[in-house]
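Reading the structure
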Amino acid sequence: MAERLRVNPIQCTGHGVCAELLPELVMLDEWGYPVIDPRPVPPALDRDARRAVAACPALALKLTRSEQPARSG
Amino acid sequence: MTAVVNQTASGGAARQAAAGLPRLLPQAPEDLSAHLARYGPTPYRGQPNLLIADVEASGLTGRGGAAFPVHRKLAVVAAAGPRQGRKVVVANGAESEPASRKDELLLRLAPNLVLDGLQLAAEAVGATEAHLYLHYAPGPQILRALAERASRGLDWLGVTITQAPPRFLAGQEAAVVNRLGGGPALPTFQPPRVSERGLGGAPTLVQNAETLAHLALIARYGPRWFRAVGTSDEPGSMLTTIYRPDARAHVREAAIGTPLRTLLGEGADVQAWLIGGYHGTWVPMPAAAGITLDNASLRRFGAAAGAGVLAALPSGRCGLAEVARVTGYLAAESAGQCGPCLNGLPRIAAALAELAGPGHRRRTVADLQRWSGLVEGRGACNHPDGTVRFVRSALTTFEPEIRRHARGQCSATDRRPYLPLPDGLPTREEDWT
Amino acid sequence: MNTAFWYASRATGIVALLLLTAVLVLGILVNRQGRLPGLPRFAVTDLHRNLSLLSVAFIAVHVLTAVADTYVHIPLAAAVIPFASGYERFWLGLGAVSLDIMLAMIVTSLLRGRLNRVLWRAVHLLAYASWPVAFAHSIGSSKDLQQGWMLVLALGCAMIVLAAVVWRLAHSARQVPRAGRVAEILSQRAVSR
């Protein structure tokens, strides 16, 4: 099942650890917040993705099973 | 603020009456007796699925801005959570879009329609709690309506009234649930959607007041009646709040698919239309003069009806000044919870203020485009997305004016502000409760 | 053999205190998004985590050698049940209190993804109680630390912790509350035109 990385933007305070551990999928914008590749995580990066999720000091990064959820109102 | 007048028919009155308009707004406030005389009692079904099927057949979509199919929301809430568990329904009358006046008017003139809809929706999903969420303190009409209904035993559930703070985001559904739970009216991260886990963890239906009024009528007259006006893909009517230079601001019910010319005028000295409010889209005139009030037509200009705010900007005003003012408001109304929105919107607003003045740095427009791309989709709600849509469409529509301003000129002759904005921006935590 | 155990217990205890000092400072550094010169950001988070586990390893040896040393009788249970030791009941009891808090912190952190966020944070904040209690345990139960360069070392740790905590509190005091953040950025933009 496709897994995607998602960040909870309310919890995220821009530590930037995710971008260091997973530069293939996460970049930091000019304010230090993560821009995440919306495509499914390739299997080769799965372990690194889990490591990044565990390493986030704010626990803001998540790996979700569902498809891209619709934007909420 | 100019008083908002109910304008249910003007010119084409015969056409409208034959087409079944007006449906929602009486000429004067109707108390319970008048309401019952006109509509009869609330047509409770006795079981949920019948009403949901009718709503699906009618094609009713939300009138709060998102235009989400109502039957689907009802079905999700009805099915979510444990059997016999708590379930909540909320009539959303927060009307946080400052330019919108339709819900306020509806709740003043026909509160019983909205309250009927709330009770019918409650029955349809099996709710255990009902709430009415209002922007302002409840007026005498609403209080009287609730008291009369209670004394006659018309309501399936008692209704709790909660006041929303005057914030742009206060009507966002997660913010509604947050506020009803005693917290500030701030959006929360979804998933889970409030229809699955909302107030106190219970599945919560948040439905716009106007949507509930339509639902109350569909329950009485059926889906075919509802579809008698509108288009086949987007049936029914909607309330619009109209701003045009040759009239006072007013609310008008219109069949979906009505040419915008009918509502906003022929546009002789109008430079642009704003469709869908402050998260909406600017379209240039006369290029867009042929659009009709249905999303299929509006989509071709990247627009959507939203909560029905329609504004015609006169040629003598400075479009950039209006956009800068509104974006400043939108930036100040950010919840400030998400890094991209918190950082991006103020910068976007400042750049627009620069464009609204004489001359601007060469990089300002490029910065605007970059920041717009950076904030889109990266907040917990769609505030940055809506703001970006407003801004991007403005950059396109007012591009000639941007070039004029760069040369130190401005085509405006009238410097008065045109689009309405409330006073008072939020600075403290209390401003969100 | 007893003497070896006794020395081992003293030595591992001192090392544990040094490690715990580093862990607390690193924890504050993580919170403040601080960096260690020349190291990536994840080094701060990883070091904080790894040194905390290392501290527990040293404390385990510290406790086991103290129990194994038959010169005085310390029941193993006294490591986690406060004030259950006959010998130096009070000072060793403090050690147990501190260790209990540390174990709660570590267990909640290992289960972090599954736990209520507020609960995790509340337990983690107990670090600010655990360190002073560990410090008191160290000074109170070890003659080593009560004099000479060991005392200087211990006080040095206390100074470092105090400075880090003051730094942390100063930031909290300065931090703009959520409702004021947008206004703050808007005013910055107005100025830096």
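Everything numeric in this text was worked out from a predicted model, so none of it was measured.

1. Thoughts on the overall build of chain C
- Within chain C, the regular secondary structure consists of 7 helices and 0 strands.
- Starting at the N terminus, the α and β elements of chain C follow one another as α-α-α-α-α-α-α.
- Projecting the C-alpha coordinates of chain C onto the three principal axes gives extents of approximately 75 × 40 × 30 Å.
- Taken over 193 residues, chain C has a buried fraction of 30%.

2. A short note on the interface of chain B and chain A
- Listed by partner, the interface residues are 22 residues for chain B and 12 residues for chain A.
- Contributions of two or more residues to the side of chain B that touches chain A are made by helix 8 (173–180) and helix 14 (339–356) of chain B.
- Among the elements that make up the side of chain B that touches chain A, the one with the highest residue count is helix 14 of chain B (3 residues).
- Residue classes in the side of chain B that touches chain A are distributed as 9 nonpolar, 9 polar and 4 charged.

3. Regarding the domain arrangement of chain B
Residues and elements named next belong to chain B.
- The assigned domain composition of chain B is domain 1 (20–226), domain 2 (238–314) and domain 3 (319–417).
- The centre of domain 1, based on its C-alpha atoms, is set 26 Å off from the matching centre of domain 2.
- Listed per partner, the contact involves 17 residues of domain 1 and 16 residues of domain 2.
- At 3 residues, the largest contribution of residues to the side of domain 1 that touches domain 2 is made by helix 5 (residues 102–109).

4. Some points on the interface of chain C and chain A
- Counting residues at the interface gives 8 residues for chain C, matched by 8 residues for chain A.
- Ranked by residues supplied to the side of chain C that touches chain A, first place goes to helix 2 (residues 41–68) of chain C with 3 residues.
- A per-class count over the side of chain C that touches chain A returns 3 nonpolar, 2 polar and 3 charged.

5. Re the confidence of the model for chain C
- Mean pLDDT for chain C: 91, with 97% of residues reaching 70 or above.
- For this predicted complex, the interface confidence reaches an ipTM of 0.92, while the overall pTM sits at 0.92.

6. Notes on the nonpolar core
All names here are of chain B.
- Membership of the largest hydrophobic core comes to 135 residues, with the highest contact counts inside it found for Leu 74, Val 114, Ala 121 and Trp 273.
- No other element matches the 11 residues that helix 14 contributes to this core.
- With residues up to four places along the chain from it excluded, the contact list for Trp 273 reads Leu 260, Leu 264, Val 283, Met 285, Ala 288, Leu 310, Ala 311 and Ala 312.

7. Looking at the pairing of strand 3 (residues 129–134) of chain B
Residues and elements named next belong to chain B.
- With 5 of 6 residues buried, strand 3 lies mostly within the body of the structure.
- Bridge analysis of strand 2 (residues 88–93) against strand 3 gives 6 bridges, and the strand direction is parallel. Across the sheet, residue Asn 92 finds its bridge partner in strand 3, namely Tyr 133.
- Here 5 bridges tie strand 3 to strand 4 (residues 159–163), and the two strands are oriented parallel to one another. In the strand pairing of strand 4, Ala 130 is matched with Val 159.
- Taken together, strand 3, helix 7 (residues 140–151) and strand 4 constitute a β-α-β crossover, and its handedness is right-handed.

8. Some thoughts on the environment of Ala 77 of chain C
All names here are of chain C.
- With respect to the helices and strands, Ala 77 occurs in the loop between helix 2 and helix 3 (89–110).
- Note on Ala 77: 11 C-beta atoms within 10 Å, which makes it exposed.
- Sequence separation between Ala 77 and Arg 10 is 67 residues; the distance between their C-alpha atoms is 19 Å.

9. A look at the pairing of strand 7 (residues 250–255) of chain B
All names here are of chain B.
- Taking burial as the measure, the 6 residues of strand 7 include 6 buried ones, the bulk of the element.
- Summarising the sheet, strand 6 (residues 237–243) and strand 7 pair through 6 bridges and their orientation is antiparallel. In the sheet register, Ile 242 faces strand 7, and the bridge partner there is His 250.
- In this antiparallel pair of consecutive strands, strand 6 and strand 7, the connection spans 6 residues.

10. Brief notes about the environment of Thr 241 of chain B
All names here are of chain B.
- Secondary-structure assignment places Thr 241 in strand 6.
- Separated by 190 residues in the primary sequence, Thr 241 and Leu 51 place their C-alpha atoms 29 Å from one another.
- Beyond its immediate sequence surroundings of up to four residues, Thr 241 is in contact with Ala 99, Ser 100, Arg 101, Lys 102, Ala 249, Val 251, Gly 308 and Val 309.

11. What about helix 4 (residues 70–79) of chain B?
Residues and elements named next belong to chain B.
- With 7 of 10 residues buried, helix 4 lies mostly within the body of the structure.
- The set of residues buried in helix 4 consists of Val 70, His 71, Lys 73, Leu 74, Ala 75, Val 77 and Ala 78.
- Looking at the buried positions of helix 4, the neighbouring elements they touch are helix 3 (48–58), helix 6 (111–125), strand 5 (204–208) and helix 9 (209–221).
- Positive phi appears at Gly 81, one or two residues downstream of helix 4, with a value of about 75 degrees.

12. Structural notes on the packing of helix 6 of chain B against helix 9 of chain B
Residues and elements named next belong to chain B.
- Where helix 6 contacts helix 9, the two axes come as close as 7 Å, and the packing angle between them is 75 degrees. By the criterion of interaxial angle, the relationship of helix 6 to helix 9 is roughly perpendicular. Contacts between helix 6 and helix 9 pair Leu 113, Val 114, Asp 116, Gly 117, Leu 118, Leu 120 and Ala 121 from the former with Ala 209, Leu 212, Ala 213, Leu 215, Ala 216 and Ala 219 from the latter.
- Partitioning the contact of helix 6 with helix 9 into residue classes produces 11 nonpolar, 1 polar and 1 charged.

About the cut-offs
- Residues numbered from 1 in each chain as written.
- Chains lettered and ligands numbered in written order.
- Predicted model: local features only at pLDDT ≥ 70, side-chain atom pairs only at ≥ 80, totals over all residues.
- Helix = DSSP H or I, 4+ residues; strand = E, 2+ residues; numbered from the N terminus.
- Buried ≥ 20, exposed ≤ 12 C-beta atoms within 10 Å, placed from the backbone.
- Contact = placed C-beta atoms within 7 Å.
- Nonpolar A, V, L, I, M, F, W, Y, C, P; charged D, E, K, R; others polar.
- Domains from an automatic or database assignment.
- pLDDT = per-residue confidence, 0-100.
- Core = buried A, V, L, I, M, F, W, Y, C linked by C-beta atoms within 7 Å.
- Pairing = 2+ DSSP bridges.
- Right-handed = clockwise from strand over helix to strand, strands pointing away.
- Axes fitted to C-alpha atoms, helices over the stretch in contact; angles between N-to-C directions.
- Parallel < 35°, antiparallel > 145°, perpendicular 65-115°, else oblique.

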